[in-house]
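One-letter residues, chain by chain:
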Amino acid sequence: MEKALFRCGALYPGVGEEVLRDQTIVARDGVIERMAPSSEIPLENDAQSYDFTDKFVIPGLIDVHTHLAYGNAKSEEDIDLYCSLELRAVRATFFAHQVLAAGFTSIVAPGDAGMVTSAVRDGIDAGLFEGPRITTAGPYITSRQGLTDWYPTWIGAPTTSIGRLVKSSDEAIEEIRRQVKDGVDVVKIAMDGLLKRPDGELVAAFNEAETKAMVAEIHRLGKKAIVHARGREATLYSAKAGADLIFHASYMDDEGLDAVLENGSAIAPTFTLLCNTMDFIQPADPWAAKHRDDAYKAEFDVAVESMQRARKAGVPMPIGTDSGFAVTPYGEWHARELGIYVEHLGFSPIEALRAGTSVGAQVVRPADKVGTIAPGYAADLVILDGDPTEDISILLERDQIHMVLRGGVPATAPRQPHALRSVSDFSMTMFSDVYTRERVAELRRQNILQ
């Protein structure tokens, strides 16, 4: 069996408030056997030794909202129509490397077409190529009022779509059973979409009874229920049904928060998508013209207030970024969510690190013991040159990431450039550019962005 020793100068284990000093991690076959002060663990000739005595070590980070098959898409049509499922799988394999290189050793992929992300998950698990551990859903379950039923009724929901349109509770239950049979880890429900009442409130895509029936079936089959719910009504129904993870919850009210607390739901607000959209899109972008009323800024302000109340009430809040769009490209902005938690929600850097490690681990596959540096957990580690408890933003700086280890093995796949516009730029666009860090810096140098 392969044995490895990691000498650590400073270490945050993913739980608690304390930074540990001069620790050694002992791992065998990629699983941590022991962690103790370095003075208690001598070096061994038969073990691979790593000297991180001048580094800061944290658990591998977890992004619970990464759509690995979207391909940095600029439009919903790009996601659904203009790319074969086969190319989506090949492309997702490439982008999995980018995510891992950014220090994210686990992700939740909450809704993709067909079995694309499941196939990538299985290839990584089999050791065919490098990538993060993946917890994946299948296509979103949606209704006529839900996200992912984008197209006119005379077109319908294409088989290549990220959504699966159901027209009754019976169809919803059958779709859940089909997805579980096909091997998903979690089931995603689109609990609201774009339909609004005259007062501007989003309408839930499913009523309360339908939502409870779907979540109950998901749980009966041993899977977690995750939901897209931005509006008040959708968030309330999801929480009352006992959904395990709610994405966004921007307009959650006090009744919704009470239901979240009563039923133990976690919330991933996914601020990075909102912030990147506000900060990066240009006047020429179609999305900018469509949202001249600063809708994203308005939602962000309301969501910050809602999430501040949720945090104070003790709601678990893992980090998620909605990576996979052109404005949230893979491997670029995953760690931004941690900084937003610190800046806008009042998290300390250590609390944000916990949200990105052990809290996120609560919604990944049960067999993936990740997010904590402790015996019995996977030796997924990020080795940093700086101290993230002093400055959480260093996690966005590539030159601060000394090494990423998954299962005790250093990630070797380099972050590779690619032809940005040849893998997903197949239709009308929402964004006129792909906002990598290099591109954002260039736009700022040109005074196009402030």
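Our subject in this report is the structure included herewith. (Residues numbered from 1 in each chain as written. Predicted model: local features only at pLDDT ≥ 70, side-chain atom pairs only at ≥ 80, totals over all residues. Heavy atoms only, no water.)

## Structural notes on the side chain of D149
And then number 1: Looking at the secondary structure, you find D149 in the loop between β8 (140-142) and β9 (163-165).
And then number 2: With no salt bridge to any partner, buried D149 finds its closest opposite charge in R144, at an N-O distance of 4.1 Å.
And then number 3: In this view, D149 contacts T142, S143, R144 and L165; residues no more than four positions away in its chain are not counted. (Helix = DSSP H or I, 4+ residues; strand = E, 2+ residues; numbered from the N terminus. Buried < 20%, exposed > 50% of the residue type's maximum accessible area, 1.4 Å probe, protein only. Lys, Arg positive; Asp, Glu negative; His and termini not counted. Salt bridge = Lys/Arg side-chain N within 4 Å of Asp/Glu carboxyl O. Contact = heavy atoms within 4.5 Å.)

## Regarding empty space enclosed by the protein
And then number 1: Per the counting criterion, the structure on display carries one cavity of 30 Å³ or more.
And then number 2: Split by residue class, the lining of the largest cavity holds six nonpolar, two polar and two charged. (1 Å grid on protein atoms, 1.4 Å probe; cavity = no way out; pocket = protein on both sides within 12 Å on 5 of 7 lines; lining within 4 Å. Points joined across faces, edges and corners; volume = space filled by probe spheres on them. Nonpolar A, V, L, I, M, F, W, Y, C, P; charged D, E, K, R; others polar.)

## Some details on the pattern of salt bridges
And then number 1: On inspection of all chains with the given rule, the structure shows 31 salt bridges.
And then number 2: A salt bridge links R177 to E217; the nearest nitrogen and oxygen atoms lie 2.8 Å apart. Placement of the pair is R177 in helix α4 (residues 169-182) and E217 in helix α5 (residues 208-220), with a sequence separation of 40 residues.
And then number 3: Under the relative-accessibility criterion, R177 is labelled partly exposed at 42%.
And then number 4: Each member of the salt-bridge network shares a partner with another, and the members are R197, E201, R232, E233 and D253.

## Side note on helix α12 (residues 349-359)
And then number 1: With nine of 11 residues buried, α12 lies mostly within the body of the structure.
And then number 2: Among the residues of α12, I350, A352, L353, R354, A355, G356, T357, S358 and V359 are the ones counted as buried.
And then number 3: Contact partners of the buried residues in α12: β4 (48-59), β5 (61-63) and α11 (336-345).

## Details of unusual backbone geometry
And then number 1: Phi angles above zero are rare outside glycine, and D22 is one such case at about 50 degrees.
And then number 2: The residue D22 is located in strand β2 (residues 20-28) in this model.

## What to know about the sheet that holds β5
And then number 1: Taken in spatial order, the three strands line up as β5-β6-β7 in an open sheet, and their pairing is parallel. On the outer flanks of this sheet lie β5 and β7 (133-136), each paired with one strand and no other. Adjacent strand axes in the sheet meet at a mean angle of 15 degrees, parallel and antiparallel pairs treated alike.
And then number 2: Where β5 and strand β6 (residues 104-109) come together, three bridges link them in parallel fashion. Bridged to D63 within β6 is I107.
And then number 3: The sheet strands contacting helix α3 (residues 116-125) are β6 and β7, and the helix crosses β7 at an angle near 150 degrees. (Pairing = 2+ DSSP bridges. Axes fitted to C-alpha atoms, helices over the stretch in contact; angles between N-to-C directions.)

## Quick look at the sheet that holds strand β3 (residues 31-37)
Paired through backbone hydrogen bonds, the strands of a sheet run either parallel or antiparallel to each other.
And then number 1: The strand order across the open sheet built from seven strands is β3-β2-β1-β4-β16-β17-β18, with neighbouring strands paired in mixed fashion. Two strands lie at the open edges of the sheet, namely β3 and β18 (409-410), each paired on one side alone.

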